[in-house]
Each structure stands twice: as structure tokens, then as C-alpha cells.
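# Fold and geometry: a report
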Amino acid sequence: MKKIVLTGAAGRLGSYLREPLAAMCDTLVSSDLTEDIGKLYDGETYVRADLASLPDMKALLEGADMVVHFGAIGDEAPFDAILQSNIVGAYNVWEAAYQNGVRRVVYASSVHAVGMHKSSDGIGTDAAHRPDTYYGLAKCFAEDLASLYWDKRGVESVCMRIFSCAKVTNPRAVGTWLSYDDLIHLVERAISTPVTGFSVVYGISDNDRAPVDNTKANFLGYRPKDNAEQFAKEIYANSEPLDPADLAHQCIGGPFATVELGNSGVATLNIVDDAKKT
Ligand SMILES: NC(=O)c1ccc[n+]([C@@H]2O[C@H](COP(=O)([O-])OP(=O)(O)OC[C@H]3O[C@@H](n4cnc5c(N)ncnc54)[C@H](O)[C@@H]3O)[C@@H](O)[C@H]2O)c1
């Protein structure tokens, strides 16, 4: 592959994807809002670009084979903020992909597109959208955009509904963890599967307590190797008993299921910033 574009490259997940993506193509063009992303990997260049600008996205995606779209506000936020980076931003990425003849968008969707479903329902990848926040609603918009651009314009996409891609620090994550190694493997499969059309897959490790079913995405060859059960004993020993009546414990969106619209859901998750250093 000649050129892959990575948006959100300065973010935590982007920091883990840059090196393996650079190894998959002649040129990786990493992009974000920051002026300078620091040291580059072999084969990587950096371009500052705003997702909310269609001209920026058109220039960024010129000559690209695929775009790995991870740029977004990664949390619940007021609607106007979500509207620009996550909704208009998604439109600009898919439209720029179409105008530049880019084959596929590999998209960081989220569990929060379906966050109000119950863990006990064991939903598959074909479950109806059921967002838990404006953030989740924007992921629903982008997934529907992906479906539309495949049906009407032939742009392929893989929408990866990522769960908890961070250090395991709470009981929910024992079911919802996605390890960084499994994230990299998932993105590699989303890129290298010969034909994907429009598809949806859950970004989750091989956890004993995973609350969703990836069977219908088997064709992608995503076979996660990590399992958060290794953390279960310690996490449960150090946690208060969970309230079964609390929607935050019933729904797969966790605390996003009960947070007020527009307020941070991540703030309650005790996320450790362990971004990879170059
Ligand atoms: N971390 C997780 O567990 C998780 C779970 C589900 C989905 N996701 C999704 O994965 C992606 C990356 O998540 P992350 O945890 O690395 O988040 P992050 O906040 O660390 O990174 C997101 C990056 O997007 C950039 N960005 C935001 N608005 C932009 C704009 N208008 N133009 C250009 N760049 C912009 C930010 O500057 C940031 O560097 C996001 O789309 C997020 O919604 C993450």
C-alpha cells in the first residue's frame, strides 16, 4: 500500500497505531490539530489538519489508499463541540475519501453508539443503534454515513465499535477491555481484509465476560489474544459491590448510560494516560 492517512494521530490510541501503520505502507501521513507531533517513525510524515474543514480533509486524503479515522472528541461534550469535530468531521472524511477515490475508511466507532443496550442482551454487530450520549449519537451518524457512502458511492468502511482501550482500572473493564495489541491487530485486519463493503465489528479483547457477540464479523479474521480475566480478582477485591439497579452497571455504555447529556463520561472512568512515547 502506498499511502495511509491516520487522523487523531496525536491522541492516545493514535500513539499506538503510528508505528505499525507506518510499517504497512510506503508513506503514513499522520494528522491532528497540534502543530508538531514530535519525532516521526520511518516512512511517516505529519500534516496539521482540522477535521471540521473539508478543504483540509480533501488535501490530506489526496492519493491515499485508505484512511484510518481516529480523530474526534473522545468523550461526551456539549452538542456544538461534538457537531464540529465528530459529525461534520466524519462527513468531511467520507466526502474527501469519495472525492479522492480512497478505497476504505477504517473508523474508530464506539460502544456508545449502542451503549443503552443491556449487557445481559449479548447483542451482535447488527443490533439497532441505541446511543447513550451526543458522543454516541455522533458515532451512529458516522456509521450511517459509512453505510450510505458504501451503498451510493462505493467507499468501503470498517466501523470498529471500540470498548475500553485503556489500562483496566474498574469492574466494567473486566468485560470491556481492548488491549493495545488487540487494537493494532484489529486495525491491521480492517486494512488487509480484501473486501469489507460496509462492516461493523466490536473492538474488544477475548474477555471471558465480554458483553457482545462478534460472530457476524468473523470474516475480518480478527482473533484477539488478550483476556481481562487476568485482572478480575484484584479489581473485584478492591471495588465496592455493584448496585444492580444502576443503569451504569446494566448497560454496555457503563457510566455514559447515566451521565447528563453534554457532561464528561470519561471523568468517572479513572483512565490512565499511558500514551506511547516516540
Ligand atoms: N480510548 C478508548 O477506549 C475509545 C473507545 C471508543 C472509541 N474511541 C475512539 O477512538 C478515537 C481515538 O480515541 P483516543 O482515546 O485516542 O482519544 P484522544 O482524545 O486521545 O485522541 C483524539 C484525537 O483527535 C484529535 N481531534 C479532535 N478534534 C479534532 C479536529 N477537529 N481536527 C483534528 N483532530 C481532532 C485530538 O486532538 C486528539 O489528539 C476517537 O474517535 C474515540 O472516539 C476510543
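Right above here is the structure, for reference.
Treat the numbers as computed from the prediction; the structure is a model and nothing was measured.

About the cut-offs
Residues numbered from 1 in each chain as written. Predicted model: local features only at pLDDT ≥ 70, side-chain atom pairs only at ≥ 80, totals over all residues. Heavy atoms only, no water. Pairing = 2+ DSSP bridges. Helix = DSSP H or I, 4+ residues; strand = E, 2+ residues; numbered from the N terminus. Axes fitted to C-alpha atoms, helices over the stretch in contact; angles between N-to-C directions. Contact = heavy atoms within 4.5 Å. Parallel < 35°, antiparallel > 145°, perpendicular 65-115°, else oblique. Left-handed = near helix turned anticlockwise from the far one by under 90°. Nonpolar A, V, L, I, M, F, W, Y, C, P; charged D, E, K, R; others polar.

Bringing the sheet that holds strand β5 (residues 104-110) into the picture now. Working definition: the strands of a sheet are paired by backbone hydrogen bonds and lie parallel or antiparallel to each other. If you walk across this open sheet you meet the seven strands as β3-β2-β1-β4-β5-β6-β7, and the pairing is parallel. Taken across any chain shown, the strands that pair with only one partner, and hence form the sheet edges, are β3 (44-48) and β7 (198-203). Put simply, the sheet's adjacent strands are angled 20° from each other on average, direction ignored. Two elements, strand β6 (residues 156-162) and β7, share six bridges in a ladder whose sense is parallel. Its bridge partner being in β7, Ile162 is matched across the sheet by Gly203. Where helix α1 (residues 12-22) meets the sheet, its contacts fall on β1 (3-7), β2 (27-32), β3, β4 (66-69) and β6, and the angle it forms with β1 comes to roughly 175°. Packed onto the sheet, helix α4 (residues 134-153) meets β5, β6 and β7 and runs at close to 155° relative to β5.

Turning our attention to the packing of helix α3 (residues 79-99) against α4. At a closest axis distance of 10 Å, the pairing of α3 and α4 adopts a crossing angle of 15°. Viewed along their axes, α3 and α4 adopt a mutual orientation that is roughly parallel. In the crossing of α3 with α4, the sense of the turn from one axis to the other is right-handed. Contacts from Phe79, Ile82, Asn86, Ile87, Ala90, Tyr91, Trp94, Glu95 and Tyr98 in α3 reach Tyr134, Tyr135, Ala138, Phe141, Ala142, Leu145, Ala146, Tyr149 and Arg153 in α4. A breakdown of the residues in the contact of α3 with α4 according to their chemical character gives 15 nonpolar, one polar and two charged.

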